[in-house]
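Here's the letter readout for the chains.
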Amino acid sequence: MAALVELRDVVKHFPVTRSLGEIARGAHPAVRALDGVTFDVGNGDAVAVVGESGCGKTTLGRLMLKLAEPTGGAITFGGAPMAGLTGERLRDFRRQAQLVFQNPFDALNPRFTIYRAVVEPLINAGIDKAEHADRVASAFRRVHLADFDRYFDRYPHQLSGGQLQRVVMARALVLGPRFLVADEPVSMLDVSVRAGILALLREVRETMGLTAVYISHDLALVRYLCERTLVMYLGRVVEDAPTEEIVRRPRHPYTKALVAAVPVPDPDQSRAPLPIKGNVPDAREPPSGCSFRDRCPHAMPRCAAETPLLRSTASGHRVACHLD
Amino acid sequence: MILEVDKLQIHYSTRDGTARAVDGASFTVPEGRIVGLVGESGCGKTTAVRAIMGVLAENGRQAGGRVVFKGQAMDEATTRKLRWRDIAYVPQSAMSSLDPVYTVGAQLVEVMTKRGNHSRASARARSVELFDLVGLNERRLADYPHQFSGGMRQRAAIAMALALEPSLLLADEPVTALDVIVQRQILDVLRSLQQRLHLSMVLVTHDISVVAYLCDEVVVMYAGQVVESGPVRDVLARPRHPYTMGLRNAFPDLLSDALELVPIAGSPPDLREPLSGCRFVPRCPFAQPICGIDAAMSGNGDHRSACRRDSEADTLRTAALDPRTWQRSSSFAMS
Amino acid sequence: MAERADPVTPARTSWPLLPVLRRIVAMPLKDPFAFTGILIYVLFALVALFADQLAPIDPMEILFTKAGKLAANVPPGAEFPLGTTNLGRDIYAQLVYGTRSALAVGLSAAIIVSTVGTIVGLVAGYFGGATDAVLMRIADMALSLPFLPFVIVLTGFLGASTSNIVLAVALLLWPNSARVIRSQVLTLRERAYVEAARVTGASAWRILFVHIAPNILPLSFVYAAIAIGWAIITEASVSFLGFGDSGSVSWGMMLQDAFASQALSRGQYAWFVPPGICIVLIVVAGFFISRGYEEVFMPRLRGR
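About the criteria used
- Residues numbered from 1 in each chain as written.
- Chains lettered and ligands numbered in written order.
- Predicted model: local features only at pLDDT ≥ 70, side-chain atom pairs only at ≥ 80, totals over all residues.
- Helix = DSSP H or I, 4+ residues; strand = E, 2+ residues; numbered from the N terminus.
- Rg over C-alpha atoms; globule rule 2.2 N^0.38 Å.
- Buried ≥ 20, exposed ≤ 12 C-beta atoms within 10 Å, placed from the backbone.
- Contact = placed C-beta atoms within 7 Å.
- Nonpolar A, V, L, I, M, F, W, Y, C, P; charged D, E, K, R; others polar.
- Pairing = 2+ DSSP bridges.
- Axes fitted to C-alpha atoms, helices over the stretch in contact; angles between N-to-C directions.
- Core = buried A, V, L, I, M, F, W, Y, C linked by C-beta atoms within 7 Å.
- Domains from an automatic or database assignment.

Caption draft 1: View of the overall build of chain C. Broken down by element type, chain C carries 11 helices and 0 strands. From first element to last, N terminus to C terminus, chain C shows the α and β order α-α-α-α-α-α-α-α-α-α-α. In terms of overall dimensions, chain C is more spread out than a globule: its C-alpha atoms have a radius of gyration of 24 Å, far above the 19 Å expected for 304 residues. With the C-alpha coordinates of chain C rotated into their principal frame, the extents come out at 95 × 50 × 35 Å. Buried residues in chain C amount to 44% of all 304 residues. Counting contacts in chain C only where the partners sit at least 6 residues apart, residues at least 24 apart contribute 72% of the total.

Okay, here's the thing in structure tokens:
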């Protein structure tokens, strides 16, 4: 199966205001949000990108939707490089790639009615007005908001979080995209509502044959949505494997710590100390070689000298670690 | 019992009427134990804790019930005296409530000299102790809050709360905004505080996994009332209230084999409306006419439930494990 | 619940501006100061509109007594409600016609300031980069000019007409609103729904005018209200100093006249007190109105 989205050595730096000393030395400190990311998302796949704050997962999502440009490396979509997309071809891309937001309360313009919010992509894409009502209706049906007149004339502040997130999804689906990125789609929703939205994400993906990338810090949630998970740390992918493997047989020391740290609803769960030391280092000055080495319980001299590459160990399982 | 909350009622006066944010909630905190106060947004858990601390918003007031701390009923006057000294509070935004223009050490010293009767020297010595208790390096006392990471700021906020040696710590969502590894570290800090200082705690959270990890007892709240309470093991393994059963289904378990998350349809009631009977009825798959009456909590021993059908708890629990139960509301609920 | 066969398309796809307009209209009803301010404006507007009826005398006409002598410095009485100037002109008529000048100056300045300030703020805030840098440096330069001296110098170059005064005021006042609007745009640009608009394919101009501008317009309004007061008082000051438009009647011109003919030492209060009061009233009214809208549109300023 051909890959729908390909990333090759994608790098994204954010320049940082320099102190006088740094200007004097000619130094250009930057936050390396993404530091050489390479992977493919196959057509029809559901891939999760997990990691803690600062790992670059949100930046990755934005780059994949061309909301920002990479500083280095290349991203292709449907075989065509994203770098040169302008004009009509860019509009075409925008029709095919959509985003589900983290904060449903902020993802809709508070001054627009719900109908107006969902019809907007159709207006932007130049779809004939006669089709608007039907397409909006079918989008609403897909997200199980069937009684339209309860919603069309309302404003966002009149809806609950769960309903809003469904509206956000309706808006994302109204143009019939091929590719969906969901950035923490349920983290701001109440617990009893999350399950419904997650089920909806799963269902929609199946019925529409979408390729999906889910960005989340919550490994437990991601398990319900994706067959494959990428674990990121400080701008690099450290492990890329089927989700079940990540959860049951993690190979990278960071993944092991991450999995051990997730609490479960079992009062008898393990409370053993986590196999990790210290805190996340300053993103402007990550450690040389393997960026995880100052927190890794198994660090060796080689880890400081040489950055481990993402290599396949078993079928479909890639790890970036010298231990492997 | 270090803390007893008895039929507490907190009302907020809003433009659209009086919201009964807490409507007859009762629970207790045994000495030296960590009690988890769990529920979703709007259930009243934060309000209850703020009422205990006496830091309600301007439009909130205690309309009924009482709070008893160390055997003494608390009113306005006593709350003020006890606040920060014997009862400490780490609010939800504690991380961002550190003053950015003073070093963390200076803020600790100030709390101890102004509100306690420490001298500057003894306050400084105690600051070192406090940082050690929360797992922070004492050299960081000279740093400013912006030089701390999120997790470190939370530890500093906890250190400040402990400055005057309280017997009870109230923590409102202390780990919600933190990454999972840092979250685990903070939870471990709280546990060690319980062990080293025999500190009693009330932990407000929406996450039952956090409760399962840290707490000894759990109090489940819904729509301003306590629906279930008891030892964590009992409540999570054998829930007796349908809401707890539903909540349990809605939480993903990283380690379990089940791959089904079941939502609870509907949403919590509007607390400005006068409500009677069980508040969960519109969303409960087991609702029956008997649920329309007001009733007290029932149950044997420590594990109590507000469900009117408590005697059938075992049967209901088995049914609750089946996702199909939650897809249709009971006929009573629809009426 | 059965699904409907076809959806109900809303009769109108609501314009995002309507709730804003509703708030604009509703505010004075809640704030007594702003209400008073609006009342004062309405009164002055009516006076300006019906000046011909209220004062059927040409304010610049030199008048003579029945005896044929110059009707100079006549004290207030039945024929001349506020008396006459030292050149025999009706003070009351001047006051009434002066209203037109004041309102014209105030409103035109307000329109120019808010339009320019809003456009600059929007463009600088949204597009950033070099555009932003250039526009903000120009704004900084305008802000560093001393107000009154600049107006005087500009009218000296271009000619002492009311429109030049308005132009000068506008040139100096637009940076204030531009900067505030720009910072508001910077915040809005990062909001999720603006990003959503980008993802769903909206062009930059569409985002600016459909998503961002409606949130900005209340601020423009506030600054427009502030500009009215400033413009009027600047025009009065400039006229008082003698650099104003000698052809048209304005309150500032009246004050200048009164000062030049030593009305104070002669105790001719009826000449300079009324225009002074009018200036104060209209500027204070503008201030009350802008403060009222500030509270509504920038609620962080509300005392907590």
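Caption draft 2: Here's a closer look at the overall build of chain A. Along its length, chain A carries 11 helices and 12 strands. On C-alpha atoms alone, chain A measures out to a radius of gyration of 21 Å, which is about the 20 Å that the 2.2 N^0.38 rule sets for 324 residues. Seen through its C-alpha atoms, chain A measures out along the principal axes to roughly 65 × 55 × 45 Å. Scored against the burial criterion, the 324 residues of chain A give a buried share of 51%. Here the analysis covers contacts within chain A between residues at least 6 apart in sequence; of these, 66% occur between residues at least 24 apart.

Caption draft 3: Structural context of the interface of chain C and chain A. Taken together, the contacts link 24 residues of chain C with 32 residues of chain A. Residue assignment for the side of chain C that touches chain A shows that the elements contributing at least two residues are helix H8 (192-199) and helix H9 (204-240) of chain C. The dominant element in the side of chain C that touches chain A, judged by the number of residues it contributes, is H8(C), at 7 residues. Its residues assigned to classes, the side of chain C that touches chain A comprises 13 nonpolar, 6 polar and 5 charged.

Caption draft 4: Spatial organisation of the arrangement of the chains. Contacts between protein chains span 2 pairs of chains, and they are most numerous for chains A and B. Over all C-alpha pairs, chain B and chain C never come within contact, reaching a minimum spacing of 10 Å.

Caption draft 5: Up close: the interface of chain B and chain A. Facing the 32 residues of chain B at the interface are 33 residues of chain A. Of all the secondary-structure elements, those providing two or more residues to the side of chain B that touches chain A are helix H6 (180-197), helix H7 (208-214), helix H8 (232-237) and helix H9 (242-250) of chain B. In terms of residues, the side of chain B that touches chain A owes the most to one element, H7(B), which gives 5 residues. Looking at the side of chain B that touches chain A, its residues break down into 19 nonpolar, 7 polar and 6 charged.

Caption draft 6: Molecular detail of unusual backbone geometry. Residues and elements named next belong to chain B. Phi angles above zero are rare outside glycine, and Glu173 is one such case at about 45°. By the element assignment, Glu173 lies in the loop between strand S7 (168-172) and H6. Accessibility expressed as a C-beta count within 10 Å gives 20 for Glu173, which makes it buried. In this model, Ala223 sits at a positive phi of 50°, which is unusual for a non-glycine residue. Position of Ala223 among the secondary structure elements: in the loop between strand S9 (217-222) and strand S10 (225-231).

Caption draft 7: Expanded view of the sheet that holds strand S10 (residues 236-242) of chain A. Residue and element names in this part refer to chain A. The strand order across the open sheet built from 8 strands is S6-S7-S8-S3-S9-S10-S12-S11, with neighbouring strands paired in mixed fashion. The two strands at the open ends of the sheet, each matched to only one other strand, are strand S6 (97-100) and strand S11 (311-314). The mean angle between the axes of side-by-side strands here comes to 25°, regardless of whether they run parallel or antiparallel. Contacting strand S3 (46-50), strand S7 (179-183), strand S8 (211-216) and strand S9 (228-233), helix H2 (residues 57-64) runs over the sheet at an angle of about 150° to S8.

Caption draft 8: Representation of the nonpolar core within the structure. Residues and elements named next belong to chain C. Ala109, Val169 and Ala227 are the most contacted members of the largest nonpolar core, which totals 294 residues. At 21 residues, H9 tops the list of elements feeding residues into this core. With residues up to four places along the chain from it excluded, the contact list for Val169 reads Ala109, Val151, Trp230, Ala231 and Thr234.

Caption draft 9: Structural view of the domain arrangement of chain A. Residues and elements named next belong to chain A. Domain boundaries assigned for chain A yield domain 1 (1-85 + 227-324) and domain 2 (86-211). Measuring from the centre of the C-alpha atoms in domain 1 to the corresponding centre in domain 2 gives 29 Å. Of the residues lining the interface, 15 residues belong to domain 1; the matching set on domain 2 comes to 13 residues. Listed by contribution, the elements that provide at least two residues to the side of domain 1 that touches domain 2 are strand S1 (3-15) and H2. Residue classes in the side of domain 1 that touches domain 2 are distributed as 8 nonpolar, 5 polar and 2 charged.

Caption draft 10: Layout of the sheet that holds strand S5 (residues 72-73) of chain B. Residues and elements named next belong to chain B. With antiparallel pairing, the 4 strands of this open sheet are ordered in space as S2-S1-S4-S5. The open sheet is flanked by strand S2 (17-29) and S5, the only strands paired with a single partner. Bridge count between strand S1 (residues 3-14) and S2: 10 bridges; the pairing is antiparallel. Each bridged residue has a counterpart across the sheet, and for Leu8 the counterpart in S2 is Ala25. The sheet contacts of helix H1 (residues 45-53) involve S1, S2 and strand S4 (60-69), and relative to S1 the element is tilted by about 105°.

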